[in-house]
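# Notes for the structure review
Each chain, letter by letter, is given below.
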Amino acid sequence: APIVVLASGTGTLLSALLDAGDGPDSPFRVVAVVTDRDCPAAAIAVRRDLPVHVLPIGTHASRVEWDVGMTAAVAGYRPRVVVTAGFMKILGSAFLDEFAGRIINSHPALLPAFPGAHAVADALAHGVKVSGCTVHLVDAGVDTGPILAQAPVFVEPEDDEITLHERIKAVERGLLATVVAAVIRTGVDIDGRKAHIR
Ligand code: GRF
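Since this is a predicted model, take the numbers as computed values, not measurements. All residue numbers refer to position in the chain's written sequence, counted from 1. Where totals are concerned, whole chains, interfaces and linings use all residues; where local detail is concerned, this predicted model gives features only for residues with pLDDT of at least 70, and gives and counts side-chain atom pairs only at 80 or more. Where side-chain values are given, they derive from all heavy atoms of the structure, hydrogens and water being excluded.

### Some points on the pattern of salt bridges
What counts as a salt bridge is simple: a side-chain nitrogen of Lys or Arg found within 4 Å of a carboxyl oxygen of Asp or Glu. Scanning all chains against the criterion turns up seven salt bridges. Across the salt bridge formed by Arg 167 and Asp 159, the nearest N and O atoms sit 2.4 Å from each other. In this structure, Lys 169 and Glu 166 form a salt bridge, with 3.7 Å as the shortest nitrogen-oxygen distance. Placement of both Lys 169 and Glu 166 in helix 6 (residues 161–186) is noted, with a separation of three residues, approximately one turn of the helix. Each of Asp 19, Asp 22 and Arg 48 takes part in one network of salt bridges that share partners. Working definition: helices are DSSP H or I runs of at least four residues, strands are E runs of at least two. Numbering for both runs from the N terminus.

Structure below.
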């Protein structure tokens, strides 16, 4: 099944999805990458001969136009699932309506703790001994959709944001690819806030 990946950053999660999708018995294949900025993730997609669409918000007349543009760019590939992998923008109602229930995000904290763009720094500042990552369905909120899977990562005494985030990303890479494959293979039952991969 085709999936489209949205990214904004260094693209390590994108790379993990590309490698998993190239596997012989993978139920999904990444068919395109869409980013909101020129970033290493876009360069990775170009190097792997994938279609890449770079849609900076600033080049659109309004946020709504950007959201409509993002929706059109992704819809053209008719993806079964959209994965936001280090994508740092909040998607609007046009996008959420088009792909409702089929957008999967990975977040580097154990939601509902530490939502938002500085999760790793916030967890460290709070003094947690265990953090981790969360794979969830995207809804209109910020990191608030139904949770599909989580994995713990222990905080080491000498950790700073970089070292902890790198260790979390190592776990995220495996968890995200595994959950995307499982969702494609069997689907998800959503009951209110509870999401269960069949
Ligand atoms: C990941 O930890 C993701 O959860 C967070 O940003 C990081 C993206 O890393 N939103 P990369 O850009 O895929 O390397």
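On we go from here.
### Details of the environment of Gly 58
Mapped onto the elements of the fold, Gly 58 is located in the loop between strand 3 (52–54) and helix 3 (63–75). In this structure Gly 58 comes out as exposed when scored by relative accessible area, which is 72%. Relative accessible area decides the class of each residue, using a 1.4 Å probe on protein chains only: under 20% of the type maximum gives buried, over 50% gives exposed, and in between gives partly exposed.

### A few points about the site of the ligand
Taken together, the neighbourhood of the ligand is formed by Gly 9, Thr 10, Gly 11, Thr 12, Leu 13, Gly 86, Ser 106, His 107, Pro 108, His 165, Lys 169 and Glu 172. We call two N or O atoms a polar contact when they sit within 3.5 Å, provided that within protein one can donate a hydrogen and the other can accept it, with sequence-adjacent residues counted only if both atoms are side-chain atoms. A distance of 2.7 Å separates an oxygen atom of the ligand from a polar side-chain atom of Thr 12. Here an oxygen atom of the ligand and a side-chain polar atom of Lys 169 are 2.9 Å apart. We get accessible surface area from the Shrake-Rupley algorithm with a probe of 1.4 Å; when it comes to residues, only the shown protein chains can shield them. Protein contact buries 90% of the 360 Å² of open area that the ligand shows by itself. With respect to the pocket detection grid, the ligand is positioned in the largest pocket. For the shell around the ligand, the secondary structure elements donating two or more residues are helix 1 (12–21), strand 5 (103–107) and helix 6. The greatest single-element share of the shell around the ligand, amounting to three residues, is contributed by helix 6. Nearness of a residue to a molecule or strand requires only that one of the residue's heavy atoms be within 4 Å of it. A pocket, in this scheme, is an open set of points on a 1 Å grid over the protein atoms alone with protein on both sides within 12 Å along at least 5 of 7 lines, while a cavity is a set where a 1.4 Å probe fits but cannot get out; residues line either one if an atom lies within 4 Å of a point. Think of it this way: if more than half of a molecule's atoms are within 2 Å of a pocket's grid points, that molecule is in the pocket or cavity.

### Here's the deal with the side chain of His 136
Relative to the helices and strands, His 136 is located in strand 6 (residues 130–137). Classification of His 136 by relative accessible area gives buried; the value is 1%. For His 136, the residues in contact, after removing those within four places along its chain, are Ile 103, Ile 104, Asn 105, His 107, Leu 111, Asp 143, Thr 144, Gly 145, Pro 146, Ile 147 and Leu 148. Only heavy atoms matter for contacts: two residues are in contact if any of them lie within 4.5 Å across the pair.

### As for the packing of helix 5 (residues 119–126) against helix 6
Whenever a helix is involved, its axis is fitted only over the stretch in contact; in every case the axis is a line through C-alpha atoms, and angles between N-to-C directions fall within 0 to 180 degrees. One way to put it is that helix 5 packs onto helix 6 with a least axis distance of 9 Å and a crossing angle of 115 degrees. In the packing of helix 5 onto helix 6, the handedness of the crossing is right-handed. Taking contact as the criterion, the partners of Val 120, Ala 121 and Leu 124 in helix 5 are, on helix 6, Glu 161, Leu 164, His 165 and Ile 168. Classifying every residue of the contact of helix 5 with helix 6 by side-chain character gives five nonpolar, one polar and one charged. Whether a crossing is left-handed or right-handed is set by the direction in which the near helix is turned from the far one by less than a right angle, anticlockwise for left-handed and clockwise for right-handed. Each residue is assigned to one of three groups, with Ala, Val, Leu, Ile, Met, Phe, Trp, Tyr, Cys and Pro labelled nonpolar, Asp, Glu, Lys and Arg labelled charged, and all others, Gly among them, labelled polar.

### Observations regarding the UniProt feature "domain: Formyl transferase N-terminal" (unreviewed entry) in the protein chain
Per the UniProt record, "domain: Formyl transferase N-terminal" (unreviewed entry) is found at residues 3–180. Annotation note: span residues 3–180, helix share 37%, strand share 22%, distance between end C-alpha atoms 9 Å. UniProt positions are given in the numbering used here, feature names are shortened, and annotations may be inferred rather than shown by experiment.

### Digging into the pairing of strand 9 (residues 194–197)
Burial along strand 9 is one-sided: the residues Ala 195 and Ile 197 are buried and none of Lys 194 and His 196 is. When DSSP locates at least two bridges between a pair of strands, those strands are taken to pair. The pairing of strand 8 (residues 188–191) with strand 9 spans four bridges and is antiparallel. Across the sheet, residue Asp 191 finds its bridge partner in strand 9, namely Lys 194. Hairpin connection, strand 8 to strand 9: the antiparallel pair is bridged by two residues, and Gly 192 has positive phi, about 65 degrees.

### Details of the packing of aromatic side chains
A pair of aromatic rings is counted whenever rings of Phe, Tyr or Trp (Trp by its six-membered ring) have centres within 6.5 Å, and the orientation is called stacked for planes under 30 degrees apart, edge-to-face for over 60 and tilted otherwise. Going through the model one piece at a time under the given rule, you end up with two aromatic pairs. Taking the centre distance of 6.4 Å and the plane angle of 5 degrees together, the rings of Trp 66 and Phe 87 count as stacked. Here Trp 66, found in helix 3, pairs with Phe 87, found in the loop between strand 4 (81–84) and helix 4 (93–98); they are 21 residues apart in sequence, far enough to count as distant. Both residues of the pair, Trp 66 and Phe 87, count as buried. For the pair Phe 95 and Phe 99, a centre-to-centre distance of 4.8 Å together with 50 degrees between the ring planes defines the contact as tilted. Neither residue differs from the other here; Phe 95 and Phe 99 are each classed as buried.

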